[in-house]
Amino acid sequence: MDFELDKDLLALKESVQKVVQETVAARAGELDEIGGYPWDIKEAFAENKILAIPFPKEYGGTGGTALQMCIATEEVSKASCSVAMILTGQCLGSAAITIAGTEEQKQRFLPDLASGKTLAAYGLTEPDAGSDVASLQTTAVRDGDDYVVTGTKRFITYGDIADVMTLFVKTVDPNTKEKKVSCLVAEKGPGWIVSKLEHKIGIKGSTTTELFLDGLRVPVKNLLGKEGDGFKIAMQVLDKTRTTIAAQALGMAQSALDCAVQFAREHLEGGKPIGRKQGIQMKLADMEMKTQAARCISLFAADRYDHHDPNQSRYSSCAKAFATDMAMEVIGAAIQVLGEYGYTKQYPVERMFRDAKVQQIYEGTNEIQRIVIARSLLGKGF
Ligand SMILES: Cc1cc2nc3c(=O)[nH]c(=O)nc-3n(C[C@H](O)[C@H](O)[C@H](O)COP(=O)(O)OP(=O)(O)OC[C@H]3O[C@@H](n4cnc5c(N)ncnc54)[C@H](O)[C@@H]3O)c2cc1C
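Residues numbered from 1 in each chain as written. Predicted model: local features only at pLDDT ≥ 70, side-chain atom pairs only at ≥ 80, totals over all residues. Heavy atoms only, no water.

A. View of the environment of A26. Relative to the helices and strands, A26 is located in the loop between α1 (7-23) and α2 (28-34). Spatially, the C-alpha atoms of A26 and I280 are 28 Å apart, while their sequence positions differ by 254 residues. (Helix = DSSP H or I, 4+ residues; strand = E, 2+ residues; numbered from the N terminus.)

Set out below in structure tokens:
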């Protein structure tokens, strides 16, 4: 057991740090102010193969592991969670193809996604189906060689700019008439309508959309797996990507802690740095303990995913819930250490606080993570 990053992980961390310093660090505040997708940063991520990390080598990726995704995501999130979503969103939107695609489907979609030529979205959530995935209503009806898709998807990251979407629908079994959750790779075209752009409190440099799917045609050859495999695929994707949400939270918590430590050294009260006060020291120590614990649980979960551990799903949920709850505590404490300055835009901790909140919600709320964890402990029948 080795708690040091090996040579390759260290090199990855340093190379991502360099790109982040050059392209993201100075822009994070501005992105939060103006919103929208930073295309130039996406290009820099594509050029530097950061975007290629989650894709297998044979399809133009770097063949990155879940652990590598976490290391890279943490580094980007230290500067901007919105920008980290460029990487994690591409991973989320394409993972179903990597996991369940045929060779032909992988050849058709993955190289362009790995190079950043195309962007992906993940279309699961609906107005009445968030936590309860099985109750989704979007239907895909066979018409010749196509499915015709009708329904509404909500809160879809990059639904406006994505070229393809791994889309979860209900297909109808022609014999039994039973409706089954299935996963299609939808390509942007007539019937893919962006009906709303959400106005959010945070991660403003990433777009969140409502999509009205009005007779969108998807070729039958774009079905991933078999009809009825959709629920399993959706969960397999989240097992992988929830560790990246933990890494987003970790990056922001580390950055908030670093900011608080520096402030405690430099900010004077009565002529002395506030870091001399034991009350502040207690806070910093708690923040450090929590951040370290979150790093351990997150990297452990990613490592277990990479090793196909039978409990990987439980570990991913543990990491996602623990690290994202921790981030809210640590970033909140950082604001407290900074006092009135923490509540202003002069320091990045207020942005981190707004950005971190969503991580307790998306990719399954932390209540749902706890249900996943408990059911995995209790076994069948719960
Ligand atoms: C910024 C943003 C980006 C997103 N991006 C995407 C995306 O790209 N693709 C996508 O498909 N979705 C996306 N989502 C949707 C997100 O995954 C859902 O919001 C999330 O899964 C929760 O679903 P919901 O909002 O419908 O909450 P609901 O299911 O309505 O839950 C409401 C509350 O009830 C609680 N609750 C529900 N069921 C239970 C239960 N059984 N036990 C205890 N508590 C329960 C929840 O924890 C929550 O607190 C995004 C959301 C946001 C905010």
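B. Molecular detail of empty space enclosed by the protein. Evaluation of the coordinates by the stated rule reveals one cavity of 30 Å³ or more. By volume, the largest cavity amounts to about 30 Å³. Lining the largest cavity are A28, L31, D32, S80, S82, I203, K204, G205, R351 and D355. Mapped by element, the contributors of at least two residues to the lining of the largest cavity are α2 and α10 (349-357). By residue number, the principal contributor to the lining of the largest cavity is α2, which donates three residues. (1 Å grid on protein atoms, 1.4 Å probe; cavity = no way out; pocket = protein on both sides within 12 Å on 5 of 7 lines; lining within 4 Å. Points joined across faces, edges and corners; volume = space filled by probe spheres on them.)

C. Just helix α8 (residues 278-306), in detail. Between the first and last C-alpha of α8 there are 42 Å, a value that for 29 residues agrees with the 42 Å anticipated at 1.5 Å per step. Of the positions making up α8, those classed as buried are I280, L284, M287, T291, A294, S298, L299, A301, A302 and Y305. Of the surrounding elements, those touching the buried residues of α8 are α4 (66-79), α5 (81-100), α7 (230-266) and α9 (312-338). (Expected span 1.5 Å × (residues − 1). Buried < 20%, exposed > 50% of the residue type's maximum accessible area, 1.4 Å probe, protein only. Contact = heavy atoms within 4.5 Å.)

D. Geometry of the packing of aromatic side chains. Taken as a whole and assessed by the stated rule, the structure comprises seven aromatic pairs. Pairing Y122 with F168 gives two aromatic rings, centres 5.2 Å apart and planes at 65 degrees, and the pair type is edge-to-face. Separated by 46 residues along the polypeptide, Y122 in strand β1 (residues 120-123) and F168 in strand β4 (residues 164-172) bring together distant segments of the chain. Look at F168 and you get buried, because its relative accessible area is 0%. The interplanar angle of 70 degrees and the centroid separation of 4.9 Å between the aromatic rings of F300 and Y315 together place this pair among those described as edge-to-face. On the criterion of sequence distance, the pair formed by F300 in helix α8 and Y315 in helix α9 is long-range, its members being 15 residues apart. You can call F300 partly exposed: its relative accessible area is 39%. (Phe/Tyr/Trp six-rings, centres within 6.5 Å; stacked < 30°, edge-to-face > 60°.)

E. Structural view of the UniProt feature "domain: Acyl-CoA dehydrogenase/oxidase N-terminal" (unreviewed entry) in the chain. The sites that carry the UniProt feature "domain: Acyl-CoA dehydrogenase/oxidase N-terminal" (unreviewed entry) are, in the present numbering, residues 9-117. Annotated as 72% helix and 0% strand, the span residues 9-117 places its first and last C-alpha atoms 26 Å apart. (UniProt positions renumbered as here; feature names shortened; annotations may be inferred.)

F. Focus on a nonpolar patch on the surface. A grouping of L377, L378 and F382 is seen on the molecular surface, where their side chains present a nonpolar patch of about 350 Å² in accessible area. Looking at the element boundaries, F382 is found in the segment after α11 (366-378). (Patch = residues over 30% accessible without salt bridge, like charges linked within 9 Å, V, L, I, M, F, W, Y side chains within 5 Å. Areas by Shrake-Rupley, 256 points an atom, 1.4 Å probe, with all protein chains shown as cover. Salt bridge = Lys/Arg side-chain N within 4 Å of Asp/Glu carboxyl O.)

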